Amino acid sequence: RAELADSKSQQVVLRDQLQIAQDESLQYAQLVLDQLELEMMFRTEASELTGAGQKRLAGLAAFLVNNPQISIRLDGYADPRGDAGYNRDLSLARVSHVARVLQEQGVELSRIATYSHGSSNSTANQGDYDAYALERVVKINLQQDPNRGLAAR
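Residues numbered from 1 in each chain as written. Predicted model: local features only at pLDDT ≥ 70, side-chain atom pairs only at ≥ 80, totals over all residues. Heavy atoms only, no water.

Q: I keep staring at helix α2 (residues 51-66) and nothing clicks. Help me out?
A: With 16 residues, α2 extends 23 Å between its outermost C-alpha atoms, agreeing within 8% with the 22 Å of an ideal straight helix rising 1.5 Å per residue. Taken as a whole, α2 has its buried residues at G53, L57, L60, A61 and L64. One side of α2 holds all its buried residues, which, seen down the axis, span an arc of 105°. The exposed residues of α2 that point more than 90 degrees off its buried face are A52, K55 and N66. (Helix = DSSP H or I, 4+ residues; strand = E, 2+ residues; numbered from the N terminus. Expected span 1.5 Å × (residues − 1). Buried < 20%, exposed > 50% of the residue type's maximum accessible area, 1.4 Å probe, protein only. Arc of directions from axis to C-beta.)

In structure tokens:
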């Protein structure tokens, strides 16, 4: 009986330690997700990803499929060349393309939020083609969803 009582006591201690470790792991994962930002770059006037971009996005999709507690926010941008309406449409096409590829690779649409900004946030100086290249982008932010996955259990 003493051994049984001792085993039960050890079991409680181990269960508490496991819960603490899981809580710390979730906190660390949230910290990493809060700091993580990915970007998918696009060619001038293009809304399709390059081959390298498609590979990166496939890797992200596989990660998201295996981590259902993570949701994703996509923000599409365009460089300042062209009129505002064209740039809005182009950034919408870019963000829609990324969302569609993620969905085709198994990420639930309900986990994807999309926003299109056109060139409204551009900081590039006129004629700075290197800066323009950095603004033809879909920014990807990952967020831990407390109502899904391990955290919900």
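Continuing now.
Q: What am I meant to see in helix α3 (residues 84-104) here?
A: Every α-helix winds through 3.6 residues per turn, so residues three or four apart in the chain are directed the same way. With 21 residues, α3 should reach 30 Å at 1.5 Å per residue; the first-to-last C-alpha distance of 30 Å fits that figure. Taken together, the buried residues of α3 touch α2, β2 (70-76), β3 (112-116) and β4 (137-144). A distance of 3.1 Å separates the backbone nitrogen of G85 from a side-chain oxygen at the start of α3, and that oxygen is part of D83. One or two steps after α3, the chain reaches G106, where phi turns positive at roughly 105°. (Contact = heavy atoms within 4.5 Å. Polar contact = N/O pair within 3.5 Å; in protein donor to acceptor, adjacent residues only side chain to side chain.)

The analysis is restricted to geometry; functional conclusions fall outside its scope.
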